[in-house]
Amino acid sequence: MTRELLLHPGRHGLGMTPDAMQADSTTTATCGYCATGCGLRLHVREGEAIGLTPETDYPVNLGMACPKGWEALEVLNSENRATHPLLREPDGRMQQVTWDTALTTFTKRFKEIQAKYGNESVAFLSTGQIVCEEMAFLGALAKFGMGILHGDGNTRQCMATAVTAYKQSLGFDSPPYTYEDFEQSDCLVFIGANPCIGHPIMWERVLRNQKSPEIIVVDPRRTETAMASSQHLQLRPKSDLALLYAITNHLIAANLIDYDFVNANTEGFEELAAHVSEFTPEVVSDRCGISVLDIRRAAESIGRADAASLWWTMGVNQSYEGTRVAQAIINIALITGNFGRPGTGANSITGQCNAMGSRLWSNTTNLLGHYRFESDQDRDRVANNLGIDVDRIPNQGSWAYDEIVEGIRQGKIKGLWVIATNPAHSWIHRGDFRELLDQLEFLVVQDMYDQTETAKHADLVLPAAGWGEKVGTFINSERRYGLVKKVRKAPGEALADFQIFRAIAAYWGVGDLFSEWTEPEAVFRILQRLSEHRPNDITGIDGYAQLDACGGIQWPYTKAEAEEQSPPRQQRRLFSDGIFFHESGKAKLIVDQVFPMPEPPDENYPFLLLTGRGTVSQWHTQTRTENSKVLRKLYPQQPYVEIHPRDAQSIGVVNGDVVNVRSRRGSINVTSMVTPTVQRGQVFIPMHYRIVNELTLAHFDPHSHQPSYKDCAVQISRETS
Ligand SMILES: Nc1nc2c(c(=O)[nH]1)N[C@H]1C(S)=C(S)[C@@H](COP(=O)(O)OP(=O)(O)OC[C@H]3O[C@@H](n4cnc5c(=O)[nH]c(N)nc54)[C@H](O)[C@@H]3O)O[C@H]1N2
Ligand SMILES: Nc1nc2c(c(=O)[nH]1)N[C@H]1C(S)=C(S)[C@@H](COP(=O)(O)OP(=O)(O)OC[C@H]3O[C@@H](n4cnc5c(=O)[nH]c(N)nc54)[C@H](O)[C@@H]3O)O[C@H]1N2
Ligand code: SF4
Ligand SMILES: [Mo]
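Bear in mind the structure is a predicted one, so any value in this text is a computation, not a measurement. (Residues numbered from 1 in each chain as written. Chains lettered and ligands numbered in written order. Predicted model: local features only at pLDDT ≥ 70, side-chain atom pairs only at ≥ 80, totals over all residues. Heavy atoms only, no water.)

Caption draft 1: The arrangement of the nonpolar core in detail. Ranked by internal contacts, the top residues of the largest apolar core, which has 130 residues, are Phe 106, Leu 141, Trp 312, Phe 339, Trp 361, Trp 417 and Tyr 481. Taken together, domain 1 (86-157 + 353-467 + 491-534) and domain 2 (176-348) each give at least three residues to this core, which thus spans both. Discounting residues that sit within four places of it in the chain, Tyr 481 has contacts with Cys 132, Leu 360, Trp 361, Thr 473, Phe 474, Ile 475, Phe 524, Ile 538, Leu 547, Gly 552, Ile 553 and Trp 555. Ala 29, Leu 40, Leu 42 and Ala 49 belong to the second largest nonpolar core, which has 27 residues in total. (Core = buried A, V, L, I, M, F, W, Y, C linked by side-chain atoms within 4.5 Å. Buried < 20%, exposed > 50% of the residue type's maximum accessible area, 1.4 Å probe, protein only. Domains from an automatic or database assignment. Contact = heavy atoms within 4.5 Å.)

Caption draft 2: Structural detail: the site of ligand 1. Around ligand 1, a shell composed of 33 residues is seen, among which Gly 198, Asp 219, Lys 238, Asp 240 and Gln 618 lie nearest. Contacts to ligand 1 include Asn 194, whose backbone N or O atom sits 2.8 Å from an oxygen atom. Interatomic distance of 2.8 Å between a backbone N/O atom of Arg 613 and an oxygen atom of ligand 1. Isolated, ligand 1 exposes 910 Å² of accessible area, and the fraction of that covered by the protein chains is 99%. Residue assignment for the shell around ligand 1 shows that the elements contributing at least two residues are helix 7 (195-198), helix 15 (314-317) and strand 21 (607-612). Of the residues in the shell around ligand 1, the class split is twelve nonpolar, 14 polar and seven charged. (Near = heavy atom within 4 Å. Polar contact = N/O pair within 3.5 Å; in protein donor to acceptor, adjacent residues only side chain to side chain. Areas by Shrake-Rupley, 256 points an atom, 1.4 Å probe, with all protein chains shown as cover. Helix = DSSP H or I, 4+ residues; strand = E, 2+ residues; numbered from the N terminus. Nonpolar A, V, L, I, M, F, W, Y, C, P; charged D, E, K, R; others polar.)

Caption draft 3: Looking closely at the UniProt feature "domain: 4Fe-4S Mo/W bis-MGD-type" (unreviewed entry) in the protein chain. Per the UniProt annotation, the sites labelled "domain: 4Fe-4S Mo/W bis-MGD-type" (unreviewed entry) are residues 24-80. Across residues 24-80, the secondary structure splits into 7% helix and 35% strand, with the terminal C-alpha atoms separated by 29 Å. (UniProt positions renumbered as here; feature names shortened; annotations may be inferred.)

Caption draft 4: Region of interest: the packing of aromatic side chains. If you walk through the whole model with that rule in mind, you get 30 aromatic pairs. With centroids separated by 5.5 Å and ring planes inclined at 40 degrees, the aromatic side chains of Tyr 166 and Trp 312 adopt a geometry described as tilted. One end of the pair, Tyr 166, is in helix 5 (residues 160-170); the other, Trp 312, is in strand 12 (residues 308-312), with 146 residues separating them in the sequence. Aromatic pair Phe 514 and Trp 517: ring centres 5.3 Å apart, planes at 80 degrees, arrangement edge-to-face. The class for Phe 514 is buried, based on a relative accessible area of 5%. Site record: aromatic cluster; members linked through ring pairs are Phe 106, Phe 110, Phe 137, Trp 417, Phe 442, Phe 498, Phe 501, Phe 514 and Trp 517. Here the basic side chain of Arg 81 rests over the ring of Tyr 449, its NZ or CZ set 5.7 Å away from the ring centre. Lying across the ring of Tyr 33, Arg 624 places its NZ or CZ 4.3 Å from the centre. (Phe/Tyr/Trp six-rings, centres within 6.5 Å; stacked < 30°, edge-to-face > 60°. Lys NZ or Arg CZ within 6 Å of the ring centre and 35° of its normal.)

Caption draft 5: Inspection of the site of ligand 3 at higher detail. Lining the immediate environment of ligand 3, one finds Cys 31, Tyr 33, Cys 34, Thr 36, Gly 37, Cys 38, Ala 65, Cys 66, Lys 68, Gly 69 and Ile 201. Within the shell around ligand 3, the residues separate by chemical class into seven nonpolar, three polar and one charged.

Caption draft 6: Local environment of the pattern of salt bridges. With the rule as written, the count across this model stands at 36 salt bridges. When the shortest N-O distance is used, the salt bridge between Lys 211 and Asp 186 registers 3.8 Å. On the criterion of sequence distance, the pair formed by Lys 211 in the loop between helix 8 (200-207) and strand 9 (214-218) and Asp 186 in the loop between helix 6 (180-184) and strand 8 (187-191) is long-range, its members being 25 residues apart. Given a relative accessible area of 42%, Lys 211 falls into the partly exposed group. Look at the salt bridges and you will find they share partners, linking Arg 430, Arg 434, Glu 453, Lys 456, Arg 690 and Glu 694 into a network. (Salt bridge = Lys/Arg side-chain N within 4 Å of Asp/Glu carboxyl O.)

Right, dumping it as structure tokens:
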């Protein structure tokens, strides 16, 4: 993707049409794909958006958008949209039904299952792609209204590791940064992150940095981001923990520690120093495939920078030891005093538009608003706030996603409600998962499109409105609440998820519990109340109108802050006072043993399979992006595998040949793309093609339960099957 295309795609036929010139008014909304959270200006005629342009005044994107954003309206028009509820007939066909039949059936079937097997037998799987108000409604309805015990979201596939790491290290799930930090850093370290593809507008912010920063990329592939770096540590996959401990070791050896910060604001430095003493650059060099000199150079670049920032994404989170890797990153920022100042931080970049909303408000493994189900005091506070009986609040958190999947296998879960996620494509080792879906007695899928891989297994499909067709807030990567607006009518009888939840509450017979939950902004006020005196306090926000007027607002923004400064400053970071959220006020330096990967390449399966984002124009399981003609032109239609030229030669494959890629769990045929961006012995397949998770190995980080999607052994041959 060229910069020209990113910044001015309109000129290349993306986005704004001549119609948009004829708009009678404009309004802005936050983009509904990635967690960058760009502001888009919508051109509206007679109440319907007819075109869009990136918003120049929005503090996130400053007038830029990527092709997905430019094409955000186009994908709403598709024929693949779910327009009516569909119910599976006894003969297996899906039949269009009324909302009344759909909701009566939903209620009857789930209640029957609960009556027969217990409340635990119905679960839900949700998402980081609905607004906070819907997220909270779903979690509250399911758990406090319907008596469901277990629900989790696709953010388990994505952010769980960062959440766990932050909570244990800093005392709260608290990404500290603001995007201005991209511009103010002297040394930016990207670990397992490829923002040129995954977060292109964040990368544009890096390019605005006037300090000629050192850019260090830690990635086994020579990605677009790695190509733009000044130091590429092209490590062996899953050797991050050893590498980061070696960097820590060298920071200590070279006396690049900020002892004032360490003594005042952290706990555990001595244990950390003792632990990393064995991880000298010399010892880990071979294991990581990085020279001693390069390890030392990276450490010194970080240690000597006035302001160093460390950024991580899925190359870290999606690892069987991801929590400890994330904490090794946090440790480095802490011991070098790179916290709370401009251009610093240990910064997890979020993935989906509202992944952070899901972290705070989904009511799954944590009680609504990051309270604890296990705490009587927390349950009381939430119950009082919501005006419900405390006995309706379970005293334990949900099973995590992988445990719900195991629950289905063991026959403990018989009913599943899937909202705005497509696990039959995206869950690790999906072949197994699809079989499990068919073991369910009742599967409900609530989605904008009714032909998703998961919807194909459903007994009932509920048609949902999507981004642009409803109202609410998303929280982007830098903790900014941004507004989503209704600028289009949803097709057919599709309803906003919010309306669907309201209707389900009524059909279930718990409408009274949600009498205050009349519209998204009313729920936003409930969320504000719940946040009071918490690290994520947003009581200072003066409703949606203020969010709209000042380019979104980052949490926290308390009433007291609002009295001092309203509107708030547009770029605010956490921890400028050095006080963390643990009771001691100090951050914890956490270390652990380094583990080998469970399925390394061997004689029979000689390649390691990496997976991840392919192009800027593809979004996840492609239910949305495949509906834009323009986007379709910008990515390969056929699934492909990237393979090193020498490896290709050794198996007699040339660019464009169809090859068979086989793991111990599955076998797929894909086109070979011969490229030196992958190292020898490693191959890469983008996650956007549904077959990729036929191959992946279901293994998880024990602390966060996040799937380790980027390491399993495969063989490749010219013989297709
Ligand atoms: N265009 C586009 N943008 C997206 C998305 C999309 O689908 N399409 N999805 C969004 C979402 S939900 C997310 S979570 C983000 C993900 O954004 P990223 O995390 O940046 O994307 P990935 O490609 O999954 O993984 C990043 C890198 O991790 C590397 N990696 C693999 N194994 C290792 C390892 O052992 N160590 C290290 N250090 N690196 C490793 C991979 O080579 C890859 O380049 O993108 C968001 N943005
Ligand atoms: N091998 C491999 N697998 C991976 C990854 C990887 O790197 N490698 N990455 C993982 C990561 S980080 C992620 S986040 C997941 C993503 O995996 P999924 O969540 O399964 O992917 P999406 O395609 O985003 O699915 C979202 C669904 O919600 C629907 N939808 C969108 N908006 C709305 C709405 O407002 N309401 C409703 N009801 N529906 C809506 C869309 O049509 C779509 O079907 O994939 C994971 N899977
Ligand atoms: S970078 Fe992300 S938020 Fe911005 S336009 Fe692209 S998809 Fe939307
Ligand atoms: Mo993600």
